[in-house]
Amino acid sequence: MNIFDIVGPVMVGPSSSHTAGAVKIGYVAGKLLAEPVAEAEILLYGSFLATGKGHGTQLAIVAGLLGMEPDDVRIPQSFSLAREKGMKFSFGEAKLKDGHPNSVQLNLTGVSGRRLEIVGQSLGGSLINIASIDGLSANFSGEYPTLIVHNMDQPGHVAEVTSMLSHKSVNIATMQLYRAGRGGNAVMVIECDQEIPEESVQWLAHLEGVNKVTYYSLNK
């Protein structure tokens, strides 16, 4: 047991799951979008929907989308700060099948028009899980630099990605593979011990058979 297990995360409360976890989901989603958020449709599910308002969940998610972290004292002012930056946001109910009780679906549009759909889950103690990206399973924590590669289910793609990481001396912490069906859409989710160079991420994005590459960096 460590001190974190005893006292919990450093955060602006009141709840590690409904507030701190919600901030972190928004923060990770904003970094995955990789540009400022112009518009956010925030769809709440389960306990987030039922009790989130009293716990500041809505404020927390918007704060995360603005780039705030759980200990940021500006979280209670996130709505007004978002409006000052020209970010539009709305709230509704998510229609998730067998969703975690603390879940949110974020439909984001960036300033360039880029779109991203994220389903995030708050697991307690400020720990989160990014369950899906653009409708495909992801399941990563946001604790490591993470590479998400959407590709066609064809031979060679996994080898190309892992060979690139080896060439750049990037160690793989965890790796998950999903596919909608044989020969259809697939996704690789790779949590790494080191950051991946930006030029390597761009190289992957231009490979034949790769539909989309998203990278979550721990760098500010």
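This is a predicted model, so every value here is computed, not measured.

Side note on helix α7 (residues 198–205)
All buried positions along α7 are accounted for by S200, V201 and L204. The buried residues of α7 all sit within an arc of 100° when viewed along its axis, so they share a single face. Exposed and facing more than 90 degrees away from the buried side of α7 are E198 and E199.

Details of a nonpolar patch on the surface
Nonpolar side chains collect at one region of the surface, where V158, M175 and L177 lie side by side and expose about 230 Å² of accessible area between them. Among the structural elements, M175 can be located in strand β8 (residues 172–179). The partly exposed category is assigned to M175, whose relative accessible area is 31%.

Concerning unusual backbone geometry
Positive phi values are uncommon outside glycine, yet A34 reaches one of about 65°. With respect to the secondary-structure elements, A34 resides in the loop between α2 (16–33) and β1 (37–46). Despite not being glycine, N139 shows a phi value in the positive range, around 60°. For N139, the location among the structural elements is in strand β6 (residues 136–140).

Observations concerning the pattern of salt bridges
Counted by the stated rule, this structure contains four salt bridges. For E143, the salt bridge identified is with K24, shortest N-O distance 2.1 Å. Of the two residues, E143 is situated in the loop between β6 and β7 (146–152) and K24 in helix α2; the sequence distance between them amounts to 119 residues. Between E93 and K95 there is a salt bridge, with the nearest N and O atoms lying 3.8 Å from each other. Among the residues examined, K95 registers a relative accessible area of 69% and is labelled exposed.

What about the pairing of β8?
Side-chain positions along a regular strand alternate between the two faces of the sheet. Two strands pair when backbone bridges link them, and β8 and strand β9 (residues 185–192) are joined in this way by seven bridges, in the antiparallel orientation. Of the residues in β9, the one forming a bridge with R179 is A186. Hairpin connection between β8 and β9: a loop of five residues separates the two successive antiparallel strands, and G183 in this loop has a positive phi of roughly 80°.

Here's the deal with helix α4 (residues 57–65)
Within α4, seven of the nine residues are buried, which leaves the element mostly enclosed by the surrounding structure. Listed in full, the buried residues belonging to α4 are T57, A60, I61, V62, A63, G64 and L65. A positive backbone phi angle near 100° is found at G67, which sits one or two residues after α4.

Notes on the sheet that holds β8
Spatially, the four strands line up as an open sheet ordered β8-β9-β7-β10, and their pairing is antiparallel. A strand with exactly one partner marks an edge of an open sheet, and here the two such strands are β8 and β10 (210–216). Strand-to-strand twist in this sheet, taken as the mean axis angle between neighbours without regard to direction, amounts to 10°. The sheet strands contacting helix α6 (residues 157–167) are β7, β8, β9 and β10, and the helix crosses β9 at an angle near 20°. Running over the sheet, α7 touches β7 and β10 and is turned about 160° from β10.

Comments concerning the sheet that holds strand β5 (residues 127–133)
Taken together, the six strands give an open sheet; going across it, the order is β2-β1-β3-β4-β5-β6, and neighbouring strands pair in mixed fashion. Sheet topology places β2 (88–93) and β6 at the edges, where each strand pairs with a single neighbour. Looking at each pair of strands side by side, their axes are set apart by 20° on average, direction ignored. As defined by bridge partners, strand β3 (residues 102–110) adjoins strand β4 (residues 115–124) across seven bridges and the pair is classed as antiparallel. Note that in β4 the partner of Q105 across the bridge is V119. Contacts from α4 reach β1, β2 and β3, with the element oriented near 145° to β1.

About the cut-offs
- Residues numbered from 1 in each chain as written.
- Predicted model: local features only at pLDDT ≥ 70, side-chain atom pairs only at ≥ 80, totals over all residues.
- Heavy atoms only, no water.
- Buried < 20%, exposed > 50% of the residue type's maximum accessible area, 1.4 Å probe, protein only.
- Helix = DSSP H or I, 4+ residues; strand = E, 2+ residues; numbered from the N terminus.
- Arc of directions from axis to C-beta.
- Patch = residues over 30% accessible without salt bridge, like charges linked within 9 Å, V, L, I, M, F, W, Y side chains within 5 Å.
- Areas by Shrake-Rupley, 256 points an atom, 1.4 Å probe, with all protein chains shown as cover.
- Salt bridge = Lys/Arg side-chain N within 4 Å of Asp/Glu carboxyl O.
- Pairing = 2+ DSSP bridges.
- Axes fitted to C-alpha atoms, helices over the stretch in contact; angles between N-to-C directions.
- Contact = heavy atoms within 4.5 Å.

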